[in-house]
Amino acid sequence: MKISIPEPVKEVANGLGKAGYEAYLVGGCLRDLLIGREPKDWDIATDARPEDIQEIFPENVYENEFGTVGVKTGSEEPKLKIVEVTTFRIEGSYTDKRHPDTVKFATKVEEDLARRDFTVNAMALTLKGGEAGELVDPYKGKEDLKSRTIRTVGEPGERFGEDALRLMRAVRLAVELGFDIEMATRRAIEKESGLLEAISKERIRDEFVKTIMAPEAAKGVLLLEELNLLIHVLPELREGIGVSQNLHHIYSVFEHSVKALEYAAKNDFPLEVRLAALLHDAGKPRTKGGEGPNATFYNHEVVGARLAAAALDRLRFPKNTIEKVVHLIRYHMFYYNVGEVSEAGVRRFLVRVGPEYVDDLLKLREADRIGSGVPKAFPYKLRHLLYMIDKVKRDPISPKMLVLKGNDIMEIAKIPPGPKVGWILTVLLEEVITEPKWNEKGRLAERVKELAAMPDEKLRELAEKAEFTKEEFEAGLEEDIKKKFKVQ
Ligand code: ATP
Ligand code: MG
């Protein structure tokens, strides 16, 4: 197979060669090249020391991380702007199971390959004069690429013992590449799965995210479970194993969650939707009522949202990701049926859900529906909801859309800043959501005067009531459940 090396990479290899050093293409980039996948980045290994590399390539970024120098190539291509050049190294022992106690530079490429995790990641391709030369492949990585196998370099138990992140990397790579994990490597993962507890949550999260962002995301989650890893990553999901549902589902809670993720991955939905698909029913095991076709799961979306928040926080997901996923889970049960939810109900739906979430919420609903295994005819309803949203989208649904602002209210009612202004705004918004026509200065000013004249206690009650107006889409949901499960 003819391997073509991009010009900027050749230039870096040439620069090293001219200065008397070796240059090899290594790691994931070589692996991807050999199977005809586009490399994510370009990695060169060399016997030059970091200070030599920096001298040869003055345009560089060096963060002193394991001797890797990022050489700036001047290329416009995002993946080629920087070529990573790393000095050969040998790792010392790992007393903490995650960081080598010492990192020593090596002089031979073979020494460097020996520290790498899997055979398919432990090959090197000489770059002489910039051109691809011979393959250095002491662990038969090429054979394993051919048979699509993930196998550790050396004795698996030992290698996982050195750095337990490799447990997650094995699954992630298998899923990303569509490879199988070789038997002895598999057994070692099962046996050593507990070592994951020593690994930082951030690193686990990063591998987990890559696993569920792969097209075969669902297989990845099943593999994590099969290899005893899921319990150390997302034990919340395991609560749904073997928990049967009701007449609307043929799958257990766990199977359904995985199927929902499968659909989300197949349709290239974003990370937040994938996480929500996986966790949307996490509250079901704890809320299950009864058994058989009429089992109920009241409030599982509230309990599930709480469980998801704790789980994602534990895995150190960024705050905005957590908020989004939790919000999607909280509202995934929204009810909509043509003719049963009024325009005011759709406006309240938007207030509660947030217009910016509608798109992802519908994606989640789709994944949920298809993942149930018994999808009902439903898209018409969803299309109708979109039509209704479009119809009401310019209607006021937030205080900033009211024609009167806080300042106007203080002026009209002749009151100082304080909670009273907020109560009045809340009541006005509630009324305008019910009847958008009222969002007009004269009408609102009259109402402000009336409200301001009320005793504080009464006004506050009114505002509280307004805030808790039962959304039809939620009220409808309860009715719907009652009807379906005949628990009037
Ligand atoms: P990706 O395509 O996601 O970049 P990758 O295999 O290149 O996958 P990187 O994290 O970029 O993964 O690592 C580059 C190379 O470094 C790997 O191919 C492997 O040879 C080596 N490597 C990475 N992490 C480890 C580890 N934990 N233990 C041993 N070797 C590792
Ligand atoms: Mg890489």
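Residues numbered from 1 in each chain as written. Chains lettered and ligands numbered in written order. Predicted model: local features only at pLDDT ≥ 70, side-chain atom pairs only at ≥ 80, totals over all residues. Heavy atoms only, no water.

**Side note on the nonpolar core**
Phase 1 of the analysis: In this structure, Leu25, Ile44, Ile150 and Leu234 are the most contacted members of the largest nonpolar core, which totals 113 residues.
Phase 2 of the analysis: In terms of residue count, the dominant contributor to this core is helix α7 (residues 165–177) (9 residues).
Phase 3 of the analysis: Apart from the residues within four sequence positions on either side, isoleucine 150 is in contact with Phe118, Val120, Ala170, Leu173, Ala174, Leu177, Phe179, Asp180, Ile181, Glu182 and Thr185.
Phase 4 of the analysis: In this structure, Leu402, Ala413, Leu429 and Ala463 belong to the second largest nonpolar core, which totals 22 residues. (Core = buried A, V, L, I, M, F, W, Y, C linked by side-chain atoms within 4.5 Å. Buried < 20%, exposed > 50% of the residue type's maximum accessible area, 1.4 Å probe, protein only. Helix = DSSP H or I, 4+ residues; strand = E, 2+ residues; numbered from the N terminus. Contact = heavy atoms within 4.5 Å.)

**Some details on unusual backbone geometry**
Phase 1 of the analysis: In this model, arginine 148 sits at a positive phi of 55°, which is unusual for a non-glycine residue.
Phase 2 of the analysis: Looking at the element boundaries, arginine 148 is found in the loop between α5 (141–146) and β10 (149–150).
Phase 3 of the analysis: Even without being a glycine, lysine 414 presents a positive backbone phi close to 50°.
Phase 4 of the analysis: Tracing the backbone through its elements, the reader meets lysine 414 in the loop between α21 (406–413) and α22 (419–434).
Phase 5 of the analysis: Accessibility expressed as a relative area gives 72% for lysine 414, which makes it exposed.

**Brief notes about the packing of aromatic side chains**
Phase 1 of the analysis: Evaluated as defined, the whole model comprises 3 aromatic pairs.
Phase 2 of the analysis: Their ring planes at 50° and their centres at 5.9 Å tell us that tyrosine 24 and phenylalanine 88 sit as a pair that is tilted. Remark: phenylalanine 88 occurs in the loop between β5 (82–87) and β6 (89–91) and tyrosine 24 occurs in strand β1 (residues 24–26); sequence separation between them is 64 residues.
Phase 3 of the analysis: In this structure phenylalanine 88 comes out as buried when scored by relative accessible area, which is 0%. (Phe/Tyr/Trp six-rings, centres within 6.5 Å; stacked < 30°, edge-to-face > 60°.)

**Remarks on the pairing of strand β4 (residues 68–72)**
Phase 1 of the analysis: Among the 5 residues that make up β4, 4 are buried, leaving the element largely enclosed by the rest of the structure.
Phase 2 of the analysis: When strand β3 (residues 60–62) meets β4, the two strands line up antiparallel, connected through 3 bridges. Its bridge partner lying in β4, tyrosine 62 is registered against valine 69.
Phase 3 of the analysis: In terms of strand pairing, β4 meets β5 through 5 bridges, oriented antiparallel. Following the sheet pairing, glycine 70 is matched in β5 by glutamate 84. (Pairing = 2+ DSSP bridges.)

**Some thoughts on the site of ligand 1**
Phase 1 of the analysis: Ligand 1 sits among 13 residues. The nearest are Arg31, Lys40, Asp163, Arg166 and Arg172.
Phase 2 of the analysis: One nitrogen or oxygen atom from the main chain of glycine 28 is found 3.1 Å from an oxygen atom belonging to ligand 1.
Phase 3 of the analysis: Protein contact buries 81% of the 580 Å² of open area that ligand 1 shows by itself.
Phase 4 of the analysis: Tallied by class, the residues present in the shell around ligand 1 amount to no nonpolar, 3 polar and 10 charged. (Near = heavy atom within 4 Å. Polar contact = N/O pair within 3.5 Å; in protein donor to acceptor, adjacent residues only side chain to side chain. Areas by Shrake-Rupley, 256 points an atom, 1.4 Å probe, with all protein chains shown as cover. Nonpolar A, V, L, I, M, F, W, Y, C, P; charged D, E, K, R; others polar.)

**Side note on the confidence of the model for the protein**
Phase 1 of the analysis: Confidence in the prediction of the protein, expressed as mean pLDDT, is 92, and 95% of residues score 70 or more.
Phase 2 of the analysis: Here residues 475–488 is a poorly scored stretch, pLDDT under 50, and it has 22 contacts once near neighbours within four places are set aside; other chains count. (pLDDT = per-residue confidence, 0-100.)

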